[in-house]
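Chain and residue survey
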Amino acid sequence: MASPRRRPAPLVELAFLVLVVLVFLRLHAATGHDLSAAAIHARTLQTLERTLGIDIVLPVNAWLVGQPVLITLAVLVYRSYYLAVLGVLVWVYVRHAEIYRVVRRTLVAMLVLILPVYWAMPMSPPRFALPGVVDVVAEHDVVAGHRPDGYTAMPSNHVALSAWCAYAVWLALRPVHPRLALLAWLFPLVMSAVVLTTGNHYVLDIVGSLVLVGASVGVATIWGRLADRRRALNPLAAHG
């Protein structure tokens, strides 16, 4: 990890993050439109999960449908991840400036790395591709309006971003509260259960999300080393 430095200028950082998010949303919206390929990829994944004995989406989805209280909680968790990402990002910026660049680089790397996968491998989620699965979020959504079709099931963005939140909190708390820091990993565990039971993702989508997070941490590490080297050559190079 890079040595502690003061946090980036707030307006510059805000402009950078807004630009990254807008570009990501625009490119993400352009992916996953090959419905025949998405259906083929989904059937292939279903076959693989049956072979591995991990095709659990249909029974756990049927179980959740009979739990009205848990349905409400599941939908709230499903819709919470954007607020969680924003809250963690602000918290780290304000309270833990020494790791802010590390977690921000990891987040940006994740958004960049996930797009080629969505382009190359569109995939129908269980709620579209697995007969008998109930689209729990669509039937009990707390957010009004049309829900996007979402043929980009692999990897799960919900799980990846919740794992990023856990990683950021874990990095921040580990030096002084190591046991408390471990509790942060409950968030991606709960999110994984939610996306499975609501029929939004397969088990292997979650595995793909963990691979994505690991790759993003690696990219962020290399990015940090290059930024440190650049700063050593040019002390005026503040952003990165």
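Residues numbered from 1 in each chain as written. Predicted model: local features only at pLDDT ≥ 70, side-chain atom pairs only at ≥ 80, totals over all residues. Heavy atoms only, no water.

Observations regarding the pattern of salt bridges
Put simply, the test is: Should a side-chain nitrogen of Lys or Arg be within 4 Å of a carboxyl oxygen of Asp or Glu, the pair is scored as a salt bridge. For the purposes of this entry, the term helix denotes a DSSP run of H or I that reaches at least four residues, the term strand denotes a run of E that reaches at least two, and both are numbered from the N terminus. Burial classes: relative accessible area under 20% of the type maximum marks a residue as buried, over 50% as exposed, and values in between as partly exposed (1.4 Å probe, protein chains only).
Taken as a whole, this structure holds three salt bridges when the rule is applied. Across the salt bridge formed by glutamate 13 and arginine 104, the nearest N and O atoms sit 2.6 Å from each other. Residue glutamate 13 is found in helix α1 (residues 10-29), and its partner arginine 104 is found in helix α6 (residues 97-120); the two are separated by 91 residues along the sequence. This pair shows no difference in class: glutamate 13 is buried, exactly as arginine 104 is.

Examining a nonpolar patch on the surface
Formally: Patch criteria: residues need more than 30% relative accessible area and no salt bridge. Like-charged residues are merged within 9 Å; nonpolar side chains of Val, Leu, Ile, Met, Phe, Trp and Tyr are merged within 5 Å. Methods summary: accessible areas were calculated by the Shrake-Rupley approach with a probe of 1.4 Å, and residue burial reflects only the protein chains presented.
Together, Trp63, Val69, Leu70, Leu73, Leu76, Val142 and Val143 make up an exposed nonpolar region whose accessible area comes to about 640 Å². Per-element accounting of the nonpolar patch gives the leading share, four residues, to helix α4 (residues 68-79). Its location among the elements puts leucine 76 in helix α4. For leucine 76, a relative accessible area of 43% translates into the label partly exposed.

What about the side chain of serine 156?
The condition is simple: The criterion used for residue contact is that any of the two residues' heavy atoms lie within 4.5 Å.
You can see serine 156 is positioned in the loop between α8 (136-139) and α9 (157-173). Discounting chain neighbours no more than four positions away, the residues touching serine 156 are Val195, His201, Asp205 and Ser209.

What about the environment of valine 134?
Mapping valine 134 onto the fold places it in the loop between α7 (126-129) and α8. Relative accessible area serves as the criterion here: at 25%, valine 134 is assigned to the partly exposed category. Along the chain, valine 134 and arginine 174 lie 40 residues apart, while their C-alpha atoms are 40 Å from each other. Residues within four places of valine 134 in sequence aside, it is in contact with Asn61, Val65, Glu139 and Thr198.

Things to note about the nonpolar core
If you look at soluble globular proteins, the nonpolar side chains tend to sit buried side by side. How we decide: Nine residue types can take part in a nonpolar core, namely buried Ala, Val, Leu, Ile, Met, Phe, Trp, Tyr and Cys, and a core is a set of them joined through side-chain atoms within 4.5 Å.
Val88, Val92, Val103, Met110, Met123 and Trp164 are the most contacted members of the largest nonpolar core, which has 60 residues in total. Counting residues per element, this core draws most heavily on α9, which supplies 13 residues. In this structure, tryptophan 164 is in contact with Val85, Val88, Leu89, Val103, Thr106, Leu107 and Met110, ignoring residues within four places of it in sequence.

A word on the environment of valine 137
Within the secondary structure, valine 137 sits in helix α8. Taking relative accessible area as the criterion, valine 137 reaches 0% and is therefore assigned buried. The spacing of valine 137 and isoleucine 114 is 23 residues in sequence and 23 Å in space, taken between C-alpha atoms.

Some thoughts on the environment of methionine 121
Considering the arrangement of structural elements, one finds methionine 121 in the loop between α6 and α7. Looking at methionine 121, the relative accessible area reads 31%, which means it is partly exposed. In this structure, the C-alpha to C-alpha distance between methionine 121 and glycine 32, residues 89 residues apart in sequence, is 7.9 Å. The contact partners of methionine 121, leaving out residues within four places of it in the chain, are His41 and Met154.

Quick word on α6
To keep it simple, the criterion reads: Take the number of residues in a helix, subtract one, and multiply by 1.5 Å to get its expected span.
The first and last C-alpha atoms of α6 sit 36 Å apart over 24 residues, in line with the 34 Å expected at 1.5 Å per residue. In terms of burial, α6 is largely enclosed, as 17 of its 24 residues are buried.

Things to note about the packing of α1 against α6
Put simply, the rule reads: Only the contacting stretch of a helix is used when fitting its axis, a line to C-alpha atoms as for every element, and angles between N-to-C directions run 0 to 180 degrees. Throughout, the term roughly parallel applies to angles under 35 degrees, roughly antiparallel to angles over 145, roughly perpendicular to angles from 65 to 115, and oblique to all others. Throughout, a crossing is termed right-handed when the near helix is turned clockwise from the far one, and left-handed when it is turned anticlockwise from it by less than a right angle. Each residue receives one of three labels: charged for Asp, Glu, Lys and Arg, nonpolar for Ala, Val, Leu, Ile, Met, Phe, Trp, Tyr, Cys and Pro, and polar for the others, Gly being one of them.
Closest axis-to-axis distance for the α1/α6 pair is 10 Å, and the angle between their directions is 15°. Accordingly, the angle class assigned to the pair α1 and α6 is roughly parallel. For the element pair α1 and α6, the recorded crossing hand is left-handed. Mapping the contact onto sequence places Glu13, Phe16, Leu17, Val20, Phe24, Leu27 and His28 in α1 and Tyr100, Arg104, Val108, Leu111, Ile114, Leu115, Tyr118 and Trp119 in α6. A class-by-class count of the residues in the contact of α1 with α6 yields twelve nonpolar, one polar and two charged.

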